[in-house]
2 protein chains.
Amino acid sequence: MKIIVPYKKKGGKSRLSPLLSPSEREELAEYMLEDVVSTLSKAGLEDVSIVSDEGLNAVLNKIIANSTDPMLIIMPDLPLISSEHILDITSSNEDVVISPGRRGGTNILFLRDPSTFRVDYNGASFLNHLQIAKDVGLMTRVYESFCVSCDIDEVDDLAELIIHGRGKASQYLNNIGVSLHIMGGRVHVNRGRSKDLIRP
Amino acid sequence: MKIIVPYKKKGGKSRLSPLLSPSEREELAEYMLEDVVSTLSKAGLEDVSIVSDEGLNAVLNKIIANSTDPMLIIMPDLPLISSEHILDITSSNEDVVISPGRRGGTNILFLRDPSTFRVDYNGASFLNHLQIAKDVGLMTRVYESFCVSCDIDEVDDLAELIIHGRGKASQYLNNIGVSLHIMGGRVHVNRGRSKDLIRP
């Protein structure tokens with residue numbers, strides 16, 4: 001099985017800029033990618049290709065047009081995924097498995113025969129992909145998971161990584177002093193240590 | 001099994017005020033509660049008590065201190081849950097099952113013997129509840145689900161309800177003309193109809 005991970009090496013994760021410097025954002029993105037690749041490896045999947053996420057649809061559709069072996073397209077900013085998620089998804093009997101992110105995203109896409117499909121990651125890609133599968137007459141499974149849904153794009157998303165993360169990316173946040181803070185009974189993410197908080 | 005649903009009848013869901021009027025917020029909250037109660041009913045659970053969510057910890061801890069029958073505490077703003085989620089959680093062998101919401105929330109809490117536990121919904125309640133169970137020596141299962149994690153508090157959360165919802169609450173949003181809009185390739189929620197969007 002071929003694994004495709006779209007990844008932007010430079011200048012990504014700009015919505016984390018209220019809290020993280022450009023180099024910190026780049027390092028965090030790299031650690032998240034390492035967590036994902038390490039999880040894939042634990043699931044026995046080593047044939048991983050990192051592709052540019054510029055012009056993502058065109059890049060991916062060119063790849064899948066000529067692919068008839070099963071393919072997993074997985075986002076690099078999913079530091080909470082485990083090998084169990086990957087094995088659950090790749091052992092599905094359906095033609096297509098879509099695991100949603102928030103706001104209609106597609107965080108993991110499994111294609112039994114990629115050549116019968118085309119991707120469209122613009123907008124509500126979860127709905128796009130459901131529709132494309134339906135149009136082509138493919139059987140689809142929606143694989144819903146909180147951990148898979150947690151893509152890390154915004155400062156608030158870092159809370160999920162701090163609370164539920166166990167890999168290098170969450171360790172990195174700890175190392176640079178990014179932690180949870182409770183204000184008005186609600187959880188926020190900021191620099192420094194919060195005093196009145198149970199540590200994960 | 002006893003089911004407890006904390007619910008604020010008047011003036012809740014203030015963070016939806018950028019898009020919804022006070023009466024719309026109240027109606028949406030009622031429809032979400034109906035969706036939750038209907039899902040519980042489908043799971044065969046009819047002994048549902050709605051309790052005030054003012055002074056929630058005190059209210060709940062008073063109830064559970066004298067309860068030795070299994071209890072499910074479930075939030076009323078989880079319109080994406082299904083009876084399968086409920087049955088998965090209540091058939092667990094562990095003493096405590098915690099299903100996280102975003103930002104460290106506890107969206108569903110299952111207690112086999114409530115009298116051995118106390119709740120603390122302030123701040124990162126997911127971490128609080130893990131710690132309390134550990135302190136008392138209770139076996140805990142974390143039940144992770146995207147659908148259970150989607151509590152509807154903010155305007156952005158409505159996207160999840162529009163995309164994944166199938167009950168009365170999502171129908172209500174449709175009726176009052178709240179829908180997805182794609183701007184800059186990203187999904188937003190607003191009034192009116194978006195032209196370039198695949199409908200769920």
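See the structure shown above.
Please read all numbers here as calculations on a predicted model, not as lab measurements.

## With respect to the pattern of salt bridges
All names here are of chain B.
Then, in step 1: This structure, assessed with the given rule, holds 28 salt bridges over all chains.
Then, in step 2: Linking K168 and E34 is a salt bridge whose minimum nitrogen-to-oxygen distance equals 2.6 Å. Separated by 134 residues along the polypeptide, K168 in helix α7 (residues 168-175) and E34 in helix α1 (residues 22-42) bring together distant segments of the chain.
Then, in step 3: On the basis of relative accessible area, K168 is assigned to the partly exposed category, the value being 46%.
Then, in step 4: Close ionic contact of R103 with E154 constitutes a salt bridge, the shortest N to O distance being 3.9 Å. In this pair, R103 sits in the loop between β4 (96-100) and β5 (106-111) while E154 sits in the loop between α5 (146-149) and α6 (158-164), placing the two residues 51 residues apart along the sequence.

## Section: the relation of the copies chain A and chain B
The second copy of the chain is related to the first by a rotation about an axis and a shift along the axis.
Then, in step 1: Aligned on chain B, chain A shows an RMSD of 0.0 Å; the corresponding rotation is 180° and the shift along the axis is 0.0 Å. What the superposition gives is, in effect, a two-fold axis relating one chain to the other. Residue F146(A), judged by its C-alpha, is the member of chain A lying nearest the rotation axis, at 1.9 Å.
Then, in step 2: The share of interface residues of chain A whose copies in chain B are also at the interface is 100%, consistent with both copies meeting through the same surface.

## Points about the environment of L16(A)
Residues and elements named next belong to chain A.
Then, in step 1: On the secondary structure map, L16 appears in the loop between β1 (2-7) and α1 (22-42).
Then, in step 2: In this structure L16 comes out as buried when scored by relative accessible area, which is 0%.
Then, in step 3: In the structure, L16 is positioned 141 residues away from D157 in sequence and 9.2 Å away in space, judged by C-alpha atoms.
Then, in step 4: What L16 contacts, discounting residues up to four positions off in sequence, is R25, L28, D153, E154, V155 and L158.

Cut-offs and rules
- Residues numbered from 1 in each chain as written.
- Chains lettered and ligands numbered in written order.
- Predicted model: local features only at pLDDT ≥ 70, side-chain atom pairs only at ≥ 80, totals over all residues.
- Heavy atoms only, no water.
- Salt bridge = Lys/Arg side-chain N within 4 Å of Asp/Glu carboxyl O.
- Helix = DSSP H or I, 4+ residues; strand = E, 2+ residues; numbered from the N terminus.
- Buried < 20%, exposed > 50% of the residue type's maximum accessible area, 1.4 Å probe, protein only.
- Least-squares fit on C-alpha atoms with pLDDT ≥ 70 in both.
- Contact = heavy atoms within 4.5 Å.

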